[in-house]
Structure formats: structure tokens, C-alpha cells
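Each chain is listed here by its residues.
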Amino acid sequence: MSWSDFVRGVRRAPQPTANCPAPLRTVAGTTEVIEGGRDRELTFAVSADESTGRLTIRLSRPDPELMEKLALLVYPGPADTSTEAQGWAAPSRP
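Residues numbered from 1 in each chain as written. Predicted model: local features only at pLDDT ≥ 70, side-chain atom pairs only at ≥ 80, totals over all residues. Heavy atoms only, no water.

A.B. asks: What is the right way to look at the pairing of strand β2 (residues 54-57) in this model?
C.D. replies: The side chains of a regular strand alternate between the sheet's two faces. The sheet contact formed by strand β1 (residues 46-49) and β2 spans four bridges and is antiparallel. Looking across to β2, one finds that V46 is bridged to I57. Between β1 and β2, which follow one another and run antiparallel, lie four residues, and G53 among them has a positive phi close to 70°. (Pairing = 2+ DSSP bridges. Helix = DSSP H or I, 4+ residues; strand = E, 2+ residues; numbered from the N terminus.)

Spelled out as C-alpha cells, the structure:
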């Protein structure tokens, strides 16, 4: 597992198809993701530096409960797992 896997998890959590995206609205860009599905908004908000082991999450406002929300709503998304399998995209229709 890497920090980038966690970044993928944070980017997946507020997707409109996720179970409960609203609690993460304090992460910068998540409102746009929830309302319009534009996950590119989170590119700036969530990043990782593997060489230093630093994970950066930018907030739109302070959130004293952020760590609890991350623990409950975010799980790492391995790079070799498709975005559909991670819940990033709506299932394909036949």
C-alpha cells in the first residue's frame, strides 16, 4: 500500500455514487464532485509525496472531525483496481 492508494480513496469517497459523500464537504473541491461528479476538482485538494511519506489534504474550512470522517469513509484504492470497481463511475448499462 502507498500514499497514492490513500489519495485514490479520498478522491473516490465523495463521488455521487458513494454511500455517504456529504461528510467530506470540508475537503476543498468535494462540493463540486458531489454536485457534478467532477473529480478533477480534487487533484489540487488531495496529494501525496511517496518520497517523504507526506499526505496533503486541503480544506475549504476547518474540520475538527476530519480524522474520524477519513477513518470511517475512506479506504485505499489500489492502482491496479479499475475505477468502476472502486465505485468512481456509475455501473455500465447493458
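A.B. asks: What am I meant to see in helix α1 (residues 3-12) here?
C.D. replies: Most of α1 sits inside the fold, with seven of its 10 residues counted as buried. Along α1, the residues classified as buried are D5, F6, V7, G9, V10, R11 and R12. Turning to α1, the residues buried within the fold contact α3 (42-45), β1, β2 and α4 (66-73). (Buried < 20%, exposed > 50% of the residue type's maximum accessible area, 1.4 Å probe, protein only. Contact = heavy atoms within 4.5 Å.)

A.B. asks: Would you explain the nonpolar core in this entry?
C.D. replies: Note on soluble globular proteins: their nonpolar side chains tend to be buried together. Membership of the largest hydrophobic core comes to 14 residues, with the highest contact counts inside it found for V10, L24, V27, A45, V46, L70 and V74. Counting residues per element, this core draws most heavily on α1, at three residues. (Core = buried A, V, L, I, M, F, W, Y, C linked by side-chain atoms within 4.5 Å.)

A.B. asks: How should I be thinking about the pattern of salt bridges in this particular structure?
C.D. replies: A side chain of one charge can pair with a side chain of the opposite charge if their charged atoms are brought near each other. Applying the stated rule across the entire model yields two salt bridges. For D5, the salt bridge goes to R8, with nearest N and O atoms at 2.4 Å. Here the residue D5 and the residue R8 both occupy positions in helix α1, the gap between them amounting to three residues, near one helical turn. The class of D5 is buried, set by a relative accessible area of 10%. Note that K69 is salt-bridged to D63, the shortest N-O span being 2.8 Å. Neither residue differs from the other here; K69 and D63 are each classed as buried. (Salt bridge = Lys/Arg side-chain N within 4 Å of Asp/Glu carboxyl O.)

A.B. asks: What is the right way to look at the side chain of K69 in this model?
C.D. replies: Here K69 lies in helix α4. Overall, K69 belongs to the buried group, its relative accessible area being 18%.

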